[in-house]
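The residues making up each chain are set out below.
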Amino acid sequence: CSHVIYVAQAENYSLAELESFREAMTEIAPEISIVWVLNKIGNSTRQKAIQKSFSARISGNQGFYLPREHAVLDRAQGQYSTLVEVAPRSALRRAVKELSIYLDNLI
């Protein structure tokens, strides 16, 4: 493959694993591009610190943040619908759209 999408959770242990993965990929397959995604990021002070740590650990590479919106996801799942149908103006929908456009252009 030529691209890998790495999805990290907004937890400190997950960011430590991200750093280990990044180092291993740099050593094993430096030609593979990695798209970094931080999933379920909130607005608390702790979450902001995790977001800052995530940015530092990906070393200036392209990173995406998917906000935590459980209510929107629960509503979509309960109605067997998509994000655009239940929350056309949600931050999560915008973030997923931005990521999908980037991936479409990349691939």
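Look up: the structure comes first, before these words.
Residues numbered from 1 in each chain as written. Predicted model: local features only at pLDDT ≥ 70, side-chain atom pairs only at ≥ 80, totals over all residues. Heavy atoms only, no water.

Observations concerning the layout of surface pockets
Using a probe with the size of a water molecule, rolled over the atoms, empty space left in the structure can be pinpointed.
Phase 1: There is about 180 Å³ of room inside the largest pocket.
Phase 2: For the lining of the largest pocket, the elements supplying multiple residues, two or more each, are α1 (12-28), β2 (33-41) and α5 (91-106). (1 Å grid on protein atoms, 1.4 Å probe; cavity = no way out; pocket = protein on both sides within 12 Å on 5 of 7 lines; lining within 4 Å. Points joined across faces, edges and corners; volume = space filled by probe spheres on them. Helix = DSSP H or I, 4+ residues; strand = E, 2+ residues; numbered from the N terminus.)

Topic: the nonpolar core
Note on soluble globular proteins: their nonpolar side chains tend to be buried together.
Phase 1: Ranked by internal contacts, the top residues of the largest apolar core, which has 16 residues, are Y6, L18, M25, I34, W36, L38 and F54.
Phase 2: For this core, the secondary-structure elements that each account for two or more residues are β1 (3-9), α1, β2 and α2 (45-57).
Phase 3: No other element matches the four residues that β2 contributes to this core.
Phase 4: Setting aside residues no more than four positions away along its own chain, M25 makes contact with V4, P30, I32 and I34.
Phase 5: Membership of the second largest hydrophobic core comes to 13 residues, among which are F64, A76, V86 and L92. (Core = buried A, V, L, I, M, F, W, Y, C linked by side-chain atoms within 4.5 Å. Buried < 20%, exposed > 50% of the residue type's maximum accessible area, 1.4 Å probe, protein only. Contact = heavy atoms within 4.5 Å.)

Considerations on the sheet that holds β2
Phase 1: Spatial strand order, β1-β2-β3: three strands in an open sheet with parallel pairing. The open sheet has two edge strands with one neighbour each: β1 and β3 (63-67). Across the sheet, the mean angle from the axis of one strand to that of its neighbour is 20°, orientation sign disregarded.
Phase 2: As defined by bridge partners, β2 adjoins β3 across four bridges and the pair is classed as parallel. Within β3, the residue paired with I41 across the bridge is P67.
Phase 3: Packing against the sheet, α5 makes contact with β1, β2 and β3, and its axis sits at approximately 150° to β3. (Pairing = 2+ DSSP bridges. Axes fitted to C-alpha atoms, helices over the stretch in contact; angles between N-to-C directions.)

Regarding α1
Phase 1: Given a rise of 1.5 Å per residue, 17 residues ought to cover 24 Å, and the 24 Å separating the end C-alpha atoms of α1 matches this to within 8%.
Phase 2: Along α1, the positions that sit buried rather than exposed are S14, L15, L18, R22 and M25. Down the axis of α1, the buried side of the element spans an arc of 95°, and every buried residue falls inside it. The exposed residues of α1 that point more than 90 degrees off its buried face are Y13, E27 and I28. (Expected span 1.5 Å × (residues − 1). Arc of directions from axis to C-beta.)

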